[in-house]
Amino acid sequence: MKAAVVTEFGTPLSIQDVPVPVPGVGQVLVRMETSGICHTDIHAAHGDWPVKPTPPFIPGHEGVGVVEALGAGVDEAWQGRRVAVPWLGSTCGHCRYCLTGREALCRSQVNNGYSVNGAYAEYAAPSVSCLVEVPAGVSSVDAAPLTCAGVTTYKAIKVARVEPAERVAVFGIGGLGHLAVQYARLVGGLVTAVDIERQKLDLAVELGADHTVNASDEDPVAAIKAVGGADVAVVLAASSAVFEQAYRSMNRGGRLICVGLPAAGTMTVPIFDTVLNGLSIVGSIVGTRQDLNEVFALHAAGRTRVDSQIRSLEQVNDCFADVLAGKVPARLEFQF
């Protein structure tokens, strides 16, 4: 099968002909239809984070495809289902996080496209325990970005506990941000979209943003304060400076939701201001299988829109370059 392989950190991915994986115990063979490109895939390929994958490996955790074969112990009902292959590949199932609906915090988790091979290939063999069935009302092209970009921002808005008419500032309008704008609106938030690319801000307006800030032209902190300040600031950009801007844009009682993961990123937090202003800083990482079911249900009901562009797997390195250069309005994905 054809696959895009990371052979060494920081070097271009290699398009290779590799064996079709054989599903083991508790696994299924999925014939991939689409696979989205997440910035995490780029971090993985560059070895940016403290816990690194081990080359050679196949990235990808926004995969959608059809189950073609079953490993030992897998219920036959999975045969022929169209499924999403997400970031969360498997968990222990019995720690306090797994038992309380916080499986994304499991210390024993395995991650698709990072610790095990992922969806940048014609076939993948994920654990059946991670899979979510894609409903008939959601196309594979839309389902792929929803499998990470959607569920990650949906979870972020959930943990932010947005109240109707609160100001929600979304920093970084791209694959994740264009969905965050929509989820914030769904729960009644008044949305400010912040980015440095006019094209992305125009997309945010199309999707219902109430206010936009072009951070390349004006100070986002002053611009957000001018419309009343942010009650919630969701940071999706991979830049430490943006986290600090988001912090300074908040009102008293504000919640800073940290999602983006800058390489070696740090943020300076003034303790005095945090305490006196009653500010909260919350980390939010992906979502559960149930969250993804809800994301798919909302999309099938016509409540969200996915903006994506189709590329071929052979263009993977150009795709990474375009993402890093900010040339992509929302999401790129491969179609097999």
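Cut-offs used in this document
Residues numbered from 1 in each chain as written. Predicted model: local features only at pLDDT ≥ 70, side-chain atom pairs only at ≥ 80, totals over all residues. Heavy atoms only, no water. Helix = DSSP H or I, 4+ residues; strand = E, 2+ residues; numbered from the N terminus. Rg over C-alpha atoms; globule rule 2.2 N^0.38 Å. Contact = heavy atoms within 4.5 Å. Areas by Shrake-Rupley, 256 points an atom, 1.4 Å probe, with all protein chains shown as cover. Lys, Arg positive; Asp, Glu negative; His and termini not counted. Charge placed at Lys NZ, Arg CZ, Asp CG, Glu CD. Pairing = 2+ DSSP bridges. Right-handed = clockwise from strand over helix to strand, strands pointing away. Buried < 20%, exposed > 50% of the residue type's maximum accessible area, 1.4 Å probe, protein only. 1 Å grid on protein atoms, 1.4 Å probe; cavity = no way out; pocket = protein on both sides within 12 Å on 5 of 7 lines; lining within 4 Å. Points joined across faces, edges and corners; volume = space filled by probe spheres on them. Nonpolar A, V, L, I, M, F, W, Y, C, P; charged D, E, K, R; others polar. Axes fitted to C-alpha atoms, helices over the stretch in contact; angles between N-to-C directions. Parallel < 35°, antiparallel > 145°, perpendicular 65-115°, else oblique. Left-handed = near helix turned anticlockwise from the far one by under 90°. Salt bridge = Lys/Arg side-chain N within 4 Å of Asp/Glu carboxyl O.

### Remarks on the overall build of the protein
Here's step 1: In terms of helices and strands, the protein carries ten helices and 17 strands.
Here's step 2: Relative to the compact-globule value of 20 Å for 336 residues, the protein shows a C-alpha radius of gyration of 20 Å, a close match.
Here's step 3: Each principal axis of the C-alpha atoms in the protein carries an extent, and together these give about 60 × 40 × 40 Å.
Here's step 4: Partitioning the contacts of the protein with sequence separation of at least 6, the portion at a separation of at least 24 is 68%.
Here's step 5: Carbon and sulfur atoms make up 52% of the accessible area of the protein, which totals about 14000 Å².
Here's step 6: Distance between charge centres in the protein, computed from 25 positive and 33 negative side chains, equals 7 Å.

### What to know about the pairing of strand S16 (residues 308–311)
Here's step 1: For S16 and strand S17 (residues 331–335), the ladder comprises four bridges, and the chain directions are parallel. Opposite Ile310, over in S17, you have Glu333 as the bridge partner.
Here's step 2: Handedness of the crossover is the feature at issue here: the chain leaves S16, passes through helix H10 (residues 316–324), returns alongside S17, and the resulting connection is right-handed.

### Topic: the pairing of strand S5 (residues 82–85)
Here's step 1: Burial of the side chains of S5 extends over both faces: Arg82 and Ala84 are buried on one face and Val83 and Val85 on the other.
Here's step 2: Sheet analysis places strand S4 (residues 63–70) next to S5, joined by four bridges and oriented antiparallel. Pairing of Gly63 across the sheet is with Val85, part of S5.
Here's step 3: The pairing of S5 with strand S9 (residues 132–133) spans two bridges and is classified as antiparallel. Opposite Ala84, over in S9, you have Val132 as the bridge partner.

### Some thoughts on the layout of surface pockets
Here's step 1: Reported here for the second largest pocket is a volume of approximately 300 Å³.
Here's step 2: Surrounding the second largest pocket, 22 residues form its lining, Pro21, Val116, Asn117, Gly118 and Ala125 being those nearest its centre.
Here's step 3: When residues of the lining of the second largest pocket are traced back to their parent elements, those giving at least two are strand S6 (88–90) and strand S8 (123–124).
Here's step 4: Partitioning the lining of the second largest pocket into residue classes produces 14 nonpolar, eight polar and no charged.

### Quick notes on the packing of helix H3 (residues 140–160) against helix H4 (residues 177–186)
Here's step 1: The N-to-C vectors of H3 and H4 enclose an angle of 40°; their axes lie 9 Å apart at closest approach. If you check the angle between H3 and H4, you find them oblique. Seen from above, H3 lies across H4 with right-handed handedness. Across from Leu146, Ala149, Gly150, Thr153, Tyr154 and Ile157 in H3, the residues of H4 making contact are Leu179, Ala180, Tyr183 and Ala184.

### A few points about the pattern of salt bridges
Here's step 1: The full count for this structure, using the stated rule, is twelve salt bridges.
Here's step 2: Glu133 is the salt-bridge partner of Arg81, the closest N and O atoms lying 3.7 Å from each other. Taken together, the residues span a long stretch of sequence, with Arg81 in the loop between S4 and S5 and Glu133 in strand S9 at a distance of 52 residues.
Here's step 3: Note on Arg81: relative accessible area 25%, which makes it partly exposed.
Here's step 4: The class for Glu133 is partly exposed, based on a relative accessible area of 40%.
Here's step 5: The salt bridge partner of Lys158 is Asp291, with a shortest N-O separation of 2.8 Å. Residue Lys158 is found in helix H3, and its partner Asp291 is found in helix H9 (residues 289–300); the two are separated by 133 residues along the sequence.
Here's step 6: Several salt bridges share partner residues, and in doing so they unite Lys158, Asp291 and Glu294 into one network.

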